[in-house]
Amino acid sequence: TPVSFTVYSTTPVTQDTVVDYAVVSPNAGFLGAASFGGALPTGQVTIAAGSSSATVSIPVASTALGAAASELLRVQITDAAGVPVLTPTADVSVNNPAVTAGTHAIPGFAEISGGGTLTQSGNNYTLDLGSVAEGGTSAVEIAVFNGAPASANQLGGAFATTGSGFTTTGTGPFSGIAAGQLQAGVDIAADTFVLGAHSETLTLHPTESNPSGFSGTLSDITLTITDVVAPCYCRGTLILTDRGEKPVEELAIGDRVNTMSGAVRPIKWIGKRSYAGRFALGQKDILPVCLKAGCLDEGVPRRDLWISPHHAMYLEGVLIEAKDLVNGKSIVQVDQIETVEYFHIELDSHDVIFAEGSLSESFVDDDSRGMFHNAHEYPALYSDAKSAPARYCAPRVQDGYELEAARARIEQRAGLRKTGGARPSGLRGFIDAVSSQGITGWAQNVDHSEAPVCLDIYANDRLIGQTLANQYREDLLQAGLGSGRHGFAFTPPKGSNASHAIEVRRSFDGAVLQLSHRVENSNPPLYEQQRASPTG
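Structure report, in brief. (Residues numbered from 1 in each chain as written. Predicted model: local features only at pLDDT ≥ 70, side-chain atom pairs only at ≥ 80, totals over all residues. Heavy atoms only, no water.)

So, the overall build of the protein
Helix and strand content of the protein: five helices and 39 strands. Considering only contacts in the protein between residues 6 or more positions apart, those separated by 24 or more positions represent 68%. Carbon together with sulfur atoms contributes 49% to the accessible area of the protein, which is approximately 25700 Å² in total. (Helix = DSSP H or I, 4+ residues; strand = E, 2+ residues; numbered from the N terminus. Contact = heavy atoms within 4.5 Å. Areas by Shrake-Rupley, 256 points an atom, 1.4 Å probe, with all protein chains shown as cover.)

Right, dumping it as structure tokens:
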């Protein structure tokens, strides 16, 4: 496309006058040599005798502007005959006649402030905050940057967030990040009142655009943020050692503690942390839980046992966090405190030790050591220690039969659940099928209809196993029995003669489930019997 300039003389010339011209590019924003194949155009134009003007045409290719919406074209003139030049330059704006894809933007993440370690593998970034102190502050600011070379497309996009454990702000749609520039303002704060391992992923759906009118999409990039927070004992807790019971705060590395297996093992490290009451106020994941004396068994614990809400007790062959045992009477969580100090004992491996005479876990490093105020001591003591995946001494549960059985026994001791009685009081349900291959049916508590029911299975008055009525059945839902999650299926152990004299009883009070049978074949389905009724 030709771009025309007119060269004027203030008066008509008396003879042919030759004028030199050249395209010049003084700075960015002007068409340069690259727009003309590598060399700026030059030439001459002649103002004919008797005339006062002549026209210069500069050819500009359709691709000369690249992705720019427009550029300036400057022409400079001189006179070979020595005639003075009053206005040596003229500029004209050249608009881009075509939409041009340009050079792709390159999206990425950068950490502006905070801690942790940011790593990249292709389009996937990871920000590992490591171990975070429970109730502490852990926040980072992230920026999105355009890593493309100069004059590349601008970067924009929108975020999607998955996962939990963090509060993220500043993730609204954005646009206009130029090549080599960044835009900060994505703030990420760890939820340090929820203990355990956390992971949240920010997925950026990037877009690109340029002034020529081009717009497009780029491949997604992700940023995964991780941290770990873990639990402890309170000051004053008595721990059983080879020298008798000692307050946890008086123990030291090398002291030997008794374990559930009967072994006496040396302490490798003790983690310590503390919080002021004003800071802990209203924080259910930091306020201590009290297991009152005798709440677990006769004389267990011997005194009130104070632990952090996520510290696990060993019950029913599994590890159960204190918060999951709270019943408001024999196990309670306080609403406020003046101050609280937590301690956690580490052995060479995860184990169960004695705290106030009850079985409770030791510390296991699942990348949570950094939450303790004295975490710096460990590498100084064990500089050659190698990191390894955490290995737990027993299953750690948050639901299921073992948890319900433990809660039932604890609440029985506290008088929160009735004991004894052969007839079902507040229990509805039936045994649907009995055979040597299995026993099926359903059970539901009347007063707490959505609580799973723990059941004991008897054959010839001998306990052969236990199960939990929490399986989903469509017929129960259709019959109006809550969520429908009240079914059970029990596979008898070999040699138990489970097809004879079967009885199913509610674990905590012995209430008998109706329709026990001495037959080997199943009864008709529940909905055919028309016994699936909420009025039971």
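Looking at the sheet that holds strand β39 (residues 502-506)
Strands pair in a sheet through their backbones, by hydrogen bonds, and they do so in one of two ways: parallel or antiparallel. Strands sit in the order β36-β35-β39 across an open sheet of three strands; the sheet is antiparallel. Every other strand in the sheet has two partners, leaving β36 (462-469) and β39 as the edge strands with one partner each. The sheet shows a mean angle of 25° between the axes of neighbouring strands, direction not considered. When strand β35 (residues 453-459) meets β39, the two strands line up antiparallel, connected through five bridges. In the sheet register, A459 faces β39, and the bridge partner there is I502. (Pairing = 2+ DSSP bridges. Axes fitted to C-alpha atoms, helices over the stretch in contact; angles between N-to-C directions.)

Here we look at the sheet that holds strand β33 (residues 427-434)
Taken in spatial order, the four strands line up as β33-β34-β38-β37 in an open sheet, and their pairing is antiparallel. Both outer strands of the open sheet, β33 and β37 (471-472), are each paired with one neighbouring strand and no more.

Considerations on the pattern of salt bridges
Inspection of every chain in the model, using the stated rule, returns 19 salt bridges. The partner of D255 in a salt bridge is R243, and the shortest N-O contact between them spans 3.7 Å. With D255 in the loop between β20 (244-247) and β21 (256-258) and R243 in the loop between β19 (238-241) and β20, the pair connects residues that are twelve residues apart, well separated along the chain. Ionic pairing is found between R413 and E298, a salt bridge with its closest N-O pair at 3.6 Å. Pair noted here: R413 is in helix α3 (residues 401-413) and E298 is in the loop between β24 (289-291) and β25 (305-307), with a separation of 115 residues, a long-range link. Exposure remark for R413: the relative accessible area of 40% places this residue in the partly exposed category. In the salt-bridge network here, residues are joined through shared partners; they are E321, K323, D324, E361 and R396. (Salt bridge = Lys/Arg side-chain N within 4 Å of Asp/Glu carboxyl O. Buried < 20%, exposed > 50% of the residue type's maximum accessible area, 1.4 Å probe, protein only.)

Brief notes about the side chain of H311
Relative to the helices and strands, H311 is located in the loop between β25 and β26 (312-315). With a relative accessible area of 0%, H311 lands in the buried category. Within the structure, the side chain of H311 is placed 3.1 Å from the backbone oxygen of E361, a separation counted as a polar contact. (Polar contact = N/O pair within 3.5 Å; in protein donor to acceptor, adjacent residues only side chain to side chain.)

Some words on the side chain of T222
Locating T222 in the fold gives a position in strand β17 (residues 221-229). You can call T222 buried: its relative accessible area is 17%. At 2.8 Å, the side chain of T222 and the side chain of N124 are in polar contact. Other than its neighbours up to four places away in sequence, T222 contacts F109, N123, N124, Y125, T201, L202 and T203.

Some remarks on α3
Helix length check: α3, at 13 residues, gives a terminal C-alpha distance of 18 Å against a target of 18 Å (1.5 Å per residue), a fit within 8%. Among the residues of α3, those classed as buried are Y401, L403, E404, A405, A406, A408, I410 and E411. Residues of α3 that are buried in the fold lie against β26, β27 (318-321), β28 (331-333), β35 and β36. Backbone geometry just after α3 places G415 at a positive phi near 75°. (Expected span 1.5 Å × (residues − 1).)

Description of the environment of D348
Within the secondary structure, D348 is located in the loop between β29 (339-346) and β30 (352-355). With relative accessibility at 59%, the residue D348 sits in the exposed group. In the structure, D348 is positioned 81 residues away from I267 in sequence and 7.6 Å away in space, judged by C-alpha atoms. What D348 contacts, discounting residues up to four positions off in sequence, is R265 and K268.

Thoughts on the nonpolar core
Of all hydrophobic cores here, the largest spans 28 residues; its most connected members are I239, L291, M313, L315, I320, L325 and I345. When residues of this core are traced back to their parent elements, those giving at least two are β24, β25, β26, β27, β29, β30 and α3. For this core, the leading source of residues is α3, giving three residues. I320 has contacts with H311, A312, M313, L315, L325, V397, E402, L403 and A406, leaving out every residue within four places of it along the chain. Counting residues in hydrophobic clusters, the runner-up holds 22 residues, among them F109, L155, F166 and I177. (Core = buried A, V, L, I, M, F, W, Y, C linked by side-chain atoms within 4.5 Å.)

Remarks on the state of the cysteines
Throughout the structure, instances matching the rule amount to zero disulfides. Summary of cysteine pairing: C290 is not part of a disulfide, and the nearest cysteine sulfur, belonging to C295, is at 7.9 Å. C290 gets classed as buried once you look at its relative accessible area, which sits at 3%. (Disulfide = S-S within 2.5 Å.)

Topic: the packing of aromatic side chains
All told, the structure shown has nine aromatic pairs when counted by the stated rule. Centre to centre, the rings of W269 and F363 are 6.1 Å apart; their planes meet at 55°, and the pair counts as tilted. With W269 in strand β23 (residues 269-276) and F363 in the loop between β31 (358-361) and α2 (377-381), this pair connects stretches of sequence that are 94 residues apart. Residue classification places W269 among the buried positions, given a relative accessible area of 0%. Ring centres of W269 and F372 lie 5.6 Å apart, and the angle between their planes is 80°; this geometry places the pair in the edge-to-face category. Here the residue W269 occupies a position in strand β23, and F372 occupies one in the loop between β31 and α2, the gap between them amounting to 103 residues. The burial state of W269 is the same as that of F372; both residues are buried. Linked through ring pairs, W269, F363, F372, Y378 and Y382 together constitute an aromatic cluster. Geometry around Y382 places K268 over its ring, the cationic atom sitting 5.1 Å from the centre. Between the NZ or CZ atom of R369 and the centre of the ring of W269, over which it lies, the distance is 4.9 Å. (Phe/Tyr/Trp six-rings, centres within 6.5 Å; stacked < 30°, edge-to-face > 60°. Lys NZ or Arg CZ within 6 Å of the ring centre and 35° of its normal.)

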